[in-house]
Amino acid sequence: MSVSTAALDPSVCAPLPVLGQDVTVPLVTGGEVTYAALDYAASAPALQRVWDDVAAYAPYYGSVHRGAGYLSQLSTDLFENSRRTVAEFLGCRPEDQVVFTRSTTDSLNLLAAAIPANCQVFVYETEHHASLLPWRDAQVTYLNAPRTPGQAVETLERALADRDPYGPALVCVTGASNVTGELWPVRELAGAAHAHGARIVLDAAQLAPHHPVDIAELDVDWVAFSGHKLYAPFGSGVLAGRADWLQAAEPYLAGGGASRKVARRADGGVDVDWHTTAARHEAGSPNVIGVYSIASACKALTEAGFDNLVAREQELVSRVREGLAEVPEVQVLSLFGDDAPRVGVISFVVRGWNSSHFAAALSAEYGIGVRDGLFCAHPLVRTLLGSDPQDPGECGAPEAEPGERSLNAIRVSFGAGTPDEHIDRFLRAVTELVREGAQWKYRTEDGRCVPDRGEAAQV
């Protein structure tokens, strides 16, 4: 997978309108500023188009699959049309299923519950915890962090060559790292998996919002992603791909909607005939608005021209990386090196700064929202920081005081809705904080670094 922008003009694609563009926040130093949301990798702001579509539908809200009334029929059509929209957005094959879930984490846990008995799972230690942890009932092989895309493929091929060749196997890999933003060689990994009789699931949580994802082209068996990273509101996700393992597995949740027929037996028990469609794993009343918001986001990104969105984001990536490179105290974290293609996700540490302290100062003094911590990818961040896997440090709960070294990093992330001014303000803030120090004093409170109200720093 590569990112090419040579024939594209980023200027033809302005930032897409998102909610919160005009929100102002107070500064600890006085006054207010328009909030700069640079934490897209955690949750991207909802597109205005998505919000407008949901608002237009809201008065017609009704139960799906269970009602004869007009609103129920309309909502059912909207729900199933959303499934078709997502399938088209992902380039699904005719036989693939699109199952709606709560999130990427939910999607991968669903798949983990559906894998055959004695399945061997191969997952890199570099994965987000959503990909790293669900495989509790499988035989899991954790692969060491590769330092090049080629090494990633070679590592997987060696591991697969040593597996039981007759049992089922599954490879789980990210499309774009939630820590470094680097793109992984998904198609090559899929080829290696299939050559050794294994299947592969793609965690596209960070890839789908930034780059086209085509299941057939990438030759993956499943794709998982979350709505709240794809410019849709919280609470919806997707697992799309091959149907056979999903059809053979017990329903992820047992209940209404997953069953076609339920009958009492003479012995007092219950016989259940489960659906073989996606409904098998969608028991209960579905999140219709969440599903519709995902479909709306898919349409909005497609209609905006994904190539131009990618081109503009790559221009922002270059600006951020070049700006950070001008500050010697800043170390950008990377697995594959400076030349690796990446999306708008960049993590770094600043020499002489606790990462939580730095992130707190960006927020309190500049109105910039970033993320600090281990980003729910603890093994990867510790590897990138050169620390022992047993060293202390938790996601979002730094143990060091302001000014002390921490085992956490700072992550800036952006995308289709990011204005140029937010990037400019961020780079200026990084430079000023490193050169001049914070204007305010900070303290640790409930595991977070916060401004000490009324305590300006002596500068």
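Residues numbered from 1 in each chain as written. Predicted model: local features only at pLDDT ≥ 70, side-chain atom pairs only at ≥ 80, totals over all residues. Heavy atoms only, no water.

1. Some words on the overall build of the protein chain
Each helix and strand in the protein chain was counted, giving 13 helices and 19 strands. Against the 2.2 N^0.38 benchmark of 23 Å for 459 residues, the protein chain shows a C-alpha radius of gyration of 23 Å, consistent with a compact globule. Projected onto its principal axes, the C-alpha coordinates of the protein chain cover approximately 80 × 55 × 50 Å. Of all 459 residues assigned to the protein chain, the portion counted as buried reaches 55%. Of the roughly 19,400 Å² of accessible surface on the protein chain, a fraction of 49% belongs to carbon and sulfur atoms. Here the protein chain contributes 36 positive and 58 negative side-chain charges, whose respective centroids are spaced 4 Å apart. (Helix = DSSP H or I, 4+ residues; strand = E, 2+ residues; numbered from the N terminus. Rg over C-alpha atoms; globule rule 2.2 N^0.38 Å. Buried < 20%, exposed > 50% of the residue type's maximum accessible area, 1.4 Å probe, protein only. Areas by Shrake-Rupley, 256 points an atom, 1.4 Å probe, with all protein chains shown as cover. Lys, Arg positive; Asp, Glu negative; His and termini not counted. Charge placed at Lys NZ, Arg CZ, Asp CG, Glu CD.)

2. Examining the pattern of salt bridges
Pairs can form between side chains of opposite charge whenever their charged atoms are close. This structure, assessed with the given rule, holds 26 salt bridges. Measuring nitrogen to oxygen at the nearest pair gives 3.6 Å for the salt bridge that ties Arg-443 to Asp-452. Exposure remark for Arg-443: the relative accessible area of 33% places this residue in the partly exposed category. Within this structure, Arg-312, Glu-315, Arg-319, Asp-420 and Asp-424 form a network of salt bridges that share partners. (Salt bridge = Lys/Arg side-chain N within 4 Å of Asp/Glu carboxyl O.)

3. What to know about a nonpolar patch on the surface
Taken together, the side chains of Tyr-60, Tyr-70 and Leu-71 define a hydrophobic patch exposed on the protein surface, amounting to about 340 Å² of accessible area. Relative to the assigned elements, Tyr-70 resides in helix α2 (residues 70–89). Relative accessible area serves as the criterion here: at 62%, Tyr-70 is assigned to the exposed category. (Patch = residues over 30% accessible without salt bridge, like charges linked within 9 Å, V, L, I, M, F, W, Y side chains within 5 Å.)

4. A look at the packing of aromatic side chains
All told, the structure shown has ten aromatic pairs when counted by the stated rule. Between Tyr-57 and Tyr-292, the aromatic rings sit 5.8 Å apart at their centres with planes inclined by 70°, giving edge-to-face as the arrangement. With a gap of 235 residues between them, Tyr-57 in helix α1 (residues 48–57) and Tyr-292 in helix α9 (residues 288–304) connect regions that are remote in the sequence. The same class applies to Tyr-57 and to Tyr-292, which are both buried. Aromatic side chains Trp-222 and Trp-245 sit 5.3 Å apart centroid to centroid with 35° between the ring planes, which places their arrangement in the tilted category. Separated by 23 residues along the polypeptide, Trp-222 in strand β9 (residues 222–226) and Trp-245 in helix α8 (residues 244–248) bring together distant segments of the chain. With a relative accessible area of 0%, Trp-222 lands in the buried category. For Trp-245, a relative accessible area of 10% corresponds to the buried category. Through successive ring pairs, a cluster of aromatic residues spans Phe-348, Trp-353, Phe-358 and Phe-426. (Phe/Tyr/Trp six-rings, centres within 6.5 Å; stacked < 30°, edge-to-face > 60°.)

5. Points about unusual backbone geometry
Positive phi outside glycine occurs at Asn-118, with the angle close to 65°. Inspection of the secondary structure puts Asn-118 in the loop between α3 (104–114) and β5 (120–124). With a relative accessible area of 60%, Asn-118 lands in the exposed category. For Cys-376, which is not a glycine, the phi torsion comes out positive at approximately 55°. With respect to the helices and strands, Cys-376 occurs in the loop between β16 (371–373) and α12 (378–384). Look at Cys-376 and you get partly exposed, because its relative accessible area is 33%.

6. A few points about the sheet that holds strand β13 (residues 330–332)
Pairing is antiparallel across the open sheet formed by four strands, whose spatial order is β13-β14-β17-β16. Each having just a single partner strand, β13 and β16 make up the two edges of the open sheet. On average, adjacent strands in this sheet sit at an angle of 30° to one another, irrespective of strand direction. Across the sheet, helix α10 (residues 306–325) lies against β13, β14 (345–350) and β17 (409–413), angled at about 10° from β14, the strand it touches most. (Pairing = 2+ DSSP bridges. Axes fitted to C-alpha atoms, helices over the stretch in contact; angles between N-to-C directions. Contact = heavy atoms within 4.5 Å.)

7. Some words on the sheet that holds strand β6 (residues 139–143)
Sheet architecture is open: seven strands sit in the order β4-β10-β9-β8-β7-β5-β6, paired in mixed fashion. Edge strands, defined here as strands with exactly one partner in the open sheet, are β4 (97–101) and β6. Each neighbouring strand pair of the sheet contributes to a mean axis angle of 20°, computed without reference to strand direction. As paired strands, β4 and strand β10 (residues 237–241) are joined by five bridges and run antiparallel to one another.

8. Some thoughts on the nonpolar core
The tendency in soluble globular proteins is for nonpolar side chains to be buried as a group. In terms of nonpolar packing, the biggest core is built from 82 residues, with Leu-90 and Phe-225 touching the most fellow members. Looking at this core element by element, the count peaks at eight residues for α9. Aside from chain neighbours lying at most four places away, what touches Phe-225 is Val-86, Leu-90, Ser-103, Thr-104, Ser-107, Ala-204, Ala-205, Ala-208, Leu-230, Gly-237, Val-238 and Ile-294. Ranked by size, the runner-up nonpolar core spans 36 residues in total, among them Val-320, Phe-348, Phe-414 and Leu-427. (Core = buried A, V, L, I, M, F, W, Y, C linked by side-chain atoms within 4.5 Å.)

9. Brief notes about the pairing of strand β11 (residues 259–264)
Within β11, only zero of the six residues are buried, leaving the element largely exposed. Both β11 and strand β12 (residues 270–274) contribute to a ladder of five bridges, which runs antiparallel. In the strand pairing of β12, Ala-263 is matched with Asp-271.

10. Digging into the state of the cysteines
Applying the stated criterion across every chain yields a total of zero disulfides. With no disulfide of its own, Cys-92 lies closest to Cys-298 among cysteine sulfurs, the gap being 10 Å. Here Cys-119 is not cross-linked by a disulfide; its sulfur's nearest cysteine counterpart is in Cys-172, at 11 Å. For Cys-119, a relative accessible area of 1% gives the class buried. (Disulfide = S-S within 2.5 Å.)

11. Re the packing of α10 against helix α13 (residues 420–436)
Interhelical geometry of α10 versus α13 gives an angle of 10° and a closest axis separation of 10 Å. In terms of their interaxial angle, α10 and α13 are classed as roughly parallel. In contact with Arg-312, Leu-316, Arg-319, Val-320, Gly-323 and Leu-324 of α10, α13 contributes Asp-420, Ile-423, Asp-424, Phe-426, Leu-427 and Val-430. When its residues are assigned to classes, the contact of α10 with α13 shows seven nonpolar, one polar and four charged. (Parallel < 35°, antiparallel > 145°, perpendicular 65-115°, else oblique. Nonpolar A, V, L, I, M, F, W, Y, C, P; charged D, E, K, R; others polar.)

Such coordinate-based values are descriptive only and should not be taken to indicate function.
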